[in-house]
Amino acid sequence: MSALSPPFPLLSPSRLAPLLRLPAFVRLPGAPSASHAPGALLRAAALELSILVAHLALYPTGLAAERPADEADTAGSSAPGAPRLPLAPLPPVVLLHGFADNRSVFVLLRRALLRDADGTARRRTVVSLNYSPLTCDIRAAAELLGRHVEEVRRRTGADRVDVVGHSLGGLIARYHVQRLGGDAAVRTLVTLGTPHSGTRVARPADVHPIVRQMRPGSPVIEELGRPAPGCRTRFVAVRSDLDQIMVPTSTARLDHPDLQVENVLVTGIGHLALPVHPTVTSLVREALSAPAGQGADTRAYEAPGAPESVGGTVA
């Protein structure tokens, strides 16, 4: 059953979109963030609550693994009268959710990646990987991701894929790229609210082994800090100044001397909003529209409808 079909017709992307119209801005890494006035914090908290309620309702629709037929989704590009598409398709995109979540978190991002800004269909394959909430090791999850990436490449004939990881999903994908040779198959990795240097949130959650691996100074975090000469993957790390799961919020910034990294700071939204807010989905779509083989460059982003345009820079 599609995540957008009954029994949850009121939670379709078109009905969720009005909830996401609170402003979010993107700022230069290192630039001073907006003051956290009570009103801004309240709006961000209200948005997080709205997204949580909607996502809890959609969650059951994402429990089952995605069917292979869904992986060939082209957003109706083969329908009569559809606009002519580019001859060369964009690389496939693999979406990887965070801790205790599933692929339903990407309902809106998936839709955005399958459409241009003007609503026309794109020639792109978008797939999602579910890993078990009982997964206890980031390394094992990274190996699973590697097998999934190879399957996507085999199905599509693509040389390389792009990956978008939310929260823990970004850390799993980074481990695959940086420690398991995944840079040969992953062109661009976008991380959304990922604890690259470890997060200190919710100490009681340490009962789960994979949460302990996300702590500052854990063996996994230390492994990711080791040299990675010649890594071919381009990284785009998106973080938010009101992310209550990343403690401190700067942990979602990726700093590594051997990696091609573009860090982007989004202000005014929280952790749950990162995979669904229009500002972020536009950033992701922009980052993944770069021609194959393009490395990390200084790039300017403009949030749709926002009064500021800002940039992301190479770290």
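Relevant structure appears above.
The shown structure was predicted, so the numbers you read here are calculated from the model rather than taken from an experiment. (Residues numbered from 1 in each chain as written. Predicted model: local features only at pLDDT ≥ 70, side-chain atom pairs only at ≥ 80, totals over all residues. Heavy atoms only, no water.)

### Re a nonpolar patch on the surface
So, step 1. A cluster of nonpolar residues, Leu49, Leu52, Val53, Leu56 and Leu272, forms a patch on the protein surface that exposes about 440 Å² of accessible area.
So, step 2. Assignment of secondary structure puts Leu52 in helix H2 (residues 38-58).
So, step 3. Judged by relative accessible area, Leu52 falls into the partly exposed class, the value being 36%. (Patch = residues over 30% accessible without salt bridge, like charges linked within 9 Å, V, L, I, M, F, W, Y side chains within 5 Å. Areas by Shrake-Rupley, 256 points an atom, 1.4 Å probe, with all protein chains shown as cover. Salt bridge = Lys/Arg side-chain N within 4 Å of Asp/Glu carboxyl O. Helix = DSSP H or I, 4+ residues; strand = E, 2+ residues; numbered from the N terminus. Buried < 20%, exposed > 50% of the residue type's maximum accessible area, 1.4 Å probe, protein only.)

### As for the environment of Leu144
So, step 1. Tracing the sequence through the fold places Leu144 in helix H5 (residues 138-156).
So, step 2. As for Leu144 and Ile172, which are separated by 28 residues in sequence, their C-alpha atoms are 9.6 Å apart.
So, step 3. In contact with Leu144, other than residues within four places in its own chain, are Leu129, Asn130 and Tyr131. (Contact = heavy atoms within 4.5 Å.)

### Notes on the nonpolar core
So, step 1. Ile138, Leu145, Leu168, Ile172 and Phe235 are the most contacted members of the largest nonpolar core, which totals 35 residues.
So, step 2. When residues no more than four places from it in sequence are discounted, the contact partners of Leu145 are Val94, Leu96, Leu129, Ile172, Ala173 and His176.
So, step 3. Counting 27 residues, the second largest nonpolar core, distinct from the first, contains Phe106, Leu108, Val190 and Val280. (Core = buried A, V, L, I, M, F, W, Y, C linked by side-chain atoms within 4.5 Å.)

### Focus: the packing of H5 against helix H6 (residues 168-179)
Between two packed helices, both the angle of their axes relative to each other and the distance between the axes serve to describe the pair.
So, step 1. Two numbers describe how H5 lies on H6: the axes approach to 8 Å, and their chain directions differ by 75°. On the basis of their axis angle, the class for H5 and H6 is roughly perpendicular. Along its contact with H5, which presents Ile138, Arg139, Ala141, Ala142, Leu145, Gly146 and Val149, the element H6 presents Leu168, Leu171, Ile172, Ala173, Tyr175 and His176.
So, step 2. Tallied by class, residues from the contact of H5 with H6 come to ten nonpolar, two polar and one charged. (Axes fitted to C-alpha atoms, helices over the stretch in contact; angles between N-to-C directions. Parallel < 35°, antiparallel > 145°, perpendicular 65-115°, else oblique. Nonpolar A, V, L, I, M, F, W, Y, C, P; charged D, E, K, R; others polar.)

### Some remarks on H6
So, step 1. Taking 1.5 Å of rise per residue, twelve residues should cover 16 Å, and H6 covers 16 Å from first to last C-alpha, within 8% of that figure.
So, step 2. The buried fraction of H6 is high, at eleven of twelve residues.
So, step 3. When we look at burial in H6, the residues that qualify are Leu168, Gly169, Gly170, Leu171, Ile172, Ala173, Arg174, Tyr175, His176, Val177 and Gln178.
So, step 4. Residue Gly181 follows H6 closely and has a positive phi angle near 80°. (Expected span 1.5 Å × (residues − 1).)

### What to know about the pattern of salt bridges
So, step 1. As enumerated under the stated definition, the model contains ten salt bridges in all.
So, step 2. The closest approach of N and O atoms between Glu151 and Arg155, which form a salt bridge, is 2.8 Å. In this pair, Glu151 and Arg155 both sit in helix H5, four residues apart, roughly one turn of the helix.
So, step 3. Taken together, the shared-partner salt bridges in this structure form one network comprising Asp137, Arg139, Arg179 and Glu223.

### A word on H5
So, step 1. Given a rise of 1.5 Å per residue, 19 residues ought to cover 27 Å, and the 27 Å separating the end C-alpha atoms of H5 matches this to within 8%.
So, step 2. Along H5, the residues that are buried comprise Ile138, Ala141, Ala142, Leu145, Gly146, His148, Val149 and Val152.
So, step 3. One or two residues past the end of H5 sits Gly157, with phi positive at roughly 75°.

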